[in-house]
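# An overview of the molecular structure
Read off the chains here:
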Amino acid sequence: MAKNNRSSSRIVKPPEAPKDLSKEDTLYGLSLDPYQKLLRDAIYDRRKEIVFCNACAGSGKTTVSICTAVLMHEYELYDNLVYIVHSVGDAQGYLPGDITQKSSVLFEPLYQALIVAGQNPESVITKESLYNQKYGISYVTAITDTYLRGSNIGSNDDTILIIDEAQNFDEFSLRKTLTRACPGTKVIVIGHDGQIDLANKSRSGFIKCRDHFLSKHDDRVASCDLKINHRGFVSQVADESWD
């Protein structure tokens, strides 16, 4: 059970967490396809410490991952959610504003998924707001991997770490990010090996990292693929091989 660091002003008792979600066909009103259910169930399984998902475009990988993480937070199984993406080419330095403003364009998938889960991104994403801090309503941290060196993820609380668009992490960046995870942290690594934005696509560490963990044959590791593109004809055909 996660440590209770929530504000004493919270008087609503959280619902009792079910052992698993295998009998549930929906997630915050979303009808899940069979592959999405496998991802949801792997994330919800407390025995799994790291879950990999290689997903086609339009498969809902971020939405399912975020919504499941929010559900686990609501059941008080985890305290915090950390969402990390890689800034390809370190382009943040050329954008106006502070680091949060520079990175916000990269967090749009997170914002959309939180809304699907009935969360207000302005309230639940950690900011300098004294109101958010006082009333303990913020539990999501959205960052890039650029400034992770020397930091810990989940050192004080049970945390879910979601690494999104993992295909755009080179081996060094992905290793740096994963080695920040402390005991009690559940890690979800999601990406699409067909949409690598790196100039040298062979530098992507996503599949290499997944295969390295799977080679350990450890029950704490899970991997699943999402194979159904729900966006429609144009997206489906564009995501196919053009060879």
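Residues numbered from 1 in each chain as written. Predicted model: local features only at pLDDT ≥ 70, side-chain atom pairs only at ≥ 80, totals over all residues. Heavy atoms only, no water.

The next subject is the overall build of the chain. A tally of helices and strands in the chain yields nine helices and eight strands. With 243 residues in all, the chain has 46% of them scored as buried. Put simply, 78% of the contacts in the chain that link residues at least 6 apart link residues at least 24 apart. As displayed, the chain has an accessible area near 13,300 Å², and 52% of this comes from carbon and sulfur atoms. (Helix = DSSP H or I, 4+ residues; strand = E, 2+ residues; numbered from the N terminus. Buried < 20%, exposed > 50% of the residue type's maximum accessible area, 1.4 Å probe, protein only. Contact = heavy atoms within 4.5 Å. Areas by Shrake-Rupley, 256 points an atom, 1.4 Å probe, with all protein chains shown as cover.)

Time to look at the packing of aromatic side chains. Tallying each qualifying case throughout the model produces two aromatic pairs. Between F52 and F213, the ring centres sit 5.6 Å apart and the planes meet at 50°, which makes this aromatic pair tilted. Taken together, the residues F52 in strand β3 (residues 50-55) and F213 in helix α8 (residues 206-214) connect sequence positions 161 residues apart. With a relative accessible area of 0%, F52 lands in the buried category. Considering the side-chain rings of Y83 and F107, the 6.2 Å spacing of their centres and the 75° angle between planes classify their relative orientation as edge-to-face. Placement of the pair is Y83 in strand β4 (residues 80-85) and F107 in the loop between α3 (99-103) and α4 (108-116), with a sequence separation of 24 residues. What makes Y83 buried here is its relative accessible area of 0%. Since its relative accessible area comes to 2%, F107 is described here as buried. (Phe/Tyr/Trp six-rings, centres within 6.5 Å; stacked < 30°, edge-to-face > 60°.)

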